[in-house]
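So you can see what is in the structure, the chains are spelled out below.
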Amino acid sequence: MATIIDGNAIAAAVRAEIKERVAILKATRGIVPGLATVLVGDDPASAVYVRNKRKACEEVGMTSFGYTLPATASEAEVLALVQSLAARADVHGILTQLPLPRGMREDAVLGAIPLAKDVDGFHPSNLGMLGLKNKRAAFAPCTPQGCIELLTRTGVTIAGKRAVVLGRSAIVGLPVGLMLLARDATVTYCHSRTVDLPAVTREADILIAAIGKPRFVTADMVKPGAVVIDVGINRIDDPTRKSGSRLVGDVDFEAVEKVAGAITPVPGGVGPMTIAMLLQNTLKAAEA
Ligand code: NDP
């Protein structure tokens, strides 16, 4: 049976460390880390994400500044807001909640965030820098960084390992593969056009699943003893639950935990790490 990697416990430990460092920064240099959130439109899920991020900031002693623009706002208005936040000394990190309304260029908005305040790590230059050997991006994106942190904090050696990343999106798959590569893993990416995917995933010592397909990774796709990090968050019907549904990952947890050496659950694996890494990036921005 696999060891369960407890993302809730690891995220709580990270937050406690951050809270302590925030207090030290305040006491020694009079700096209170500040995160500005920019939400455009009225997507209820995005509003919940932003609320949770702001609450997490306040819990560790940081300040959060929330800005909401209507879905009808123009790209120029969003850019003007980002530029005004970029100039403020009390704002150390700027986060633009994605997705932006249709028609607004994500690259233009993300590219307007100064690299030193890009705590989400989605600025095209920060993303590109992840792939350059001997360079470290100012900030790595939070979910991929959370995956790396789960591996390192559970004592998993990355260097020299075969790592397979399922998914190549700009926010998860691509950056997490680049980060594993920078840590000397031998990395293979799989995607919707990969031929004989199970043969590839079976070679992985470290398997990262980030495709958004409920319980896609089955036991026969996993090498015995592999470390499996499940990024997926998928809601499926479950008539036994009062709500009628429940969350599952991209991995068939019950079957794969019998084969893997270690595995993250969903919920309670990668999910809680994402916000913890956002706090870590914001603190780093303020300390710099
Ligand atoms: P995207 O939809 O942007 O990307 C999915 C990727 O999976 C694509 O690269 C796609 O390939 C690949 N893919 C899709 N179907 C298959 C298949 N059948 N076989 C092989 N590859 C496939 O998703 P995201 O990266 O944004 O998110 C992935 C998952 O992670 C989702 O469940 C999401 O909810 C979750 N997530 C969790 C977070 C957390 O905090 N824990 C944060 C962000 C996301 P192709 O490129 O060829 O289309």
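None of these values were measured; they are calculated from a predicted model.

**Student:** Would you mind showing me how to read the site of the ligand here?
**Tutor:** The environment of the ligand is made up of 21 residues, and the closest members are R168, S169, S192, I233 and T274. Note that an oxygen atom of the ligand is positioned 2.5 Å from one of the side-chain N or O atoms of S192. In the model, an oxygen atom of the ligand is placed 2.8 Å from a nitrogen or oxygen of the T274 side chain. Relative to its unbound accessible surface of 930 Å², the ligand loses 70% to contact with the protein. Taken together, the residues that form the shell around the ligand break down as nine nonpolar, 10 polar and two charged.

**Student:** Got a minute to help me understand the nonpolar core in this structure?
**Tutor:** As a rule of thumb, nonpolar side chains are buried together in soluble globular proteins. One finds I18, M62, L151, L180, I208, I229 and L279 to be the most contacted residues of the largest nonpolar core, which totals 52 residues. For this core, the secondary structure elements donating two or more residues are α1 (7-29), α2 (44-59), α6 (142-153), β5 (162-166), α7 (173-182), β7 (206-209), β8 (227-230) and α10 (271-287). With nine residues, the top contributor of residues to this core is α10. Per-domain counts for this core show at least three residues from each of domain 1 (29-114) and domain 2 (142-270). With residues up to four places along the chain from it excluded, the contact list for M62 reads I18, V22, V32, P33, C57, L279, T282 and L283. With 21 residues, the next largest nonpolar core counts V38, L79, I94 and M104 among its residues.

**Student:** Where do I start with the pattern of salt bridges in this structure?
**Tutor:** Between side chains of opposite charge, a pair can form as their charged atoms come close. With the rule as written, the count across this model stands at 11 salt bridges. Here E287 and R21 are joined by a salt bridge, their closest N and O atoms 2.9 Å apart. With E287 in helix α10 and R21 in helix α1, the pair connects residues that are 266 residues apart, well separated along the chain. By relative accessible area, which is 27% here, E287 ends up partly exposed. In this structure, D205 and K223 form a salt bridge, with 2.8 Å as the shortest nitrogen-oxygen distance. With D205 in the loop between α8 (197-201) and β7 and K223 in the loop between β7 and β8, this residue pair connects regions lying 18 residues apart in the sequence. For D205, a relative accessible area of 22% gives the class partly exposed. Residue classification places K223 among the partly exposed positions, given a relative accessible area of 31%.

Parameters at a glance
Residues numbered from 1 in each chain as written. Predicted model: local features only at pLDDT ≥ 70, side-chain atom pairs only at ≥ 80, totals over all residues. Heavy atoms only, no water. Near = heavy atom within 4 Å. Polar contact = N/O pair within 3.5 Å; in protein donor to acceptor, adjacent residues only side chain to side chain. Areas by Shrake-Rupley, 256 points an atom, 1.4 Å probe, with all protein chains shown as cover. Nonpolar A, V, L, I, M, F, W, Y, C, P; charged D, E, K, R; others polar. Core = buried A, V, L, I, M, F, W, Y, C linked by side-chain atoms within 4.5 Å. Buried < 20%, exposed > 50% of the residue type's maximum accessible area, 1.4 Å probe, protein only. Helix = DSSP H or I, 4+ residues; strand = E, 2+ residues; numbered from the N terminus. Domains from an automatic or database assignment. Contact = heavy atoms within 4.5 Å. Salt bridge = Lys/Arg side-chain N within 4 Å of Asp/Glu carboxyl O.

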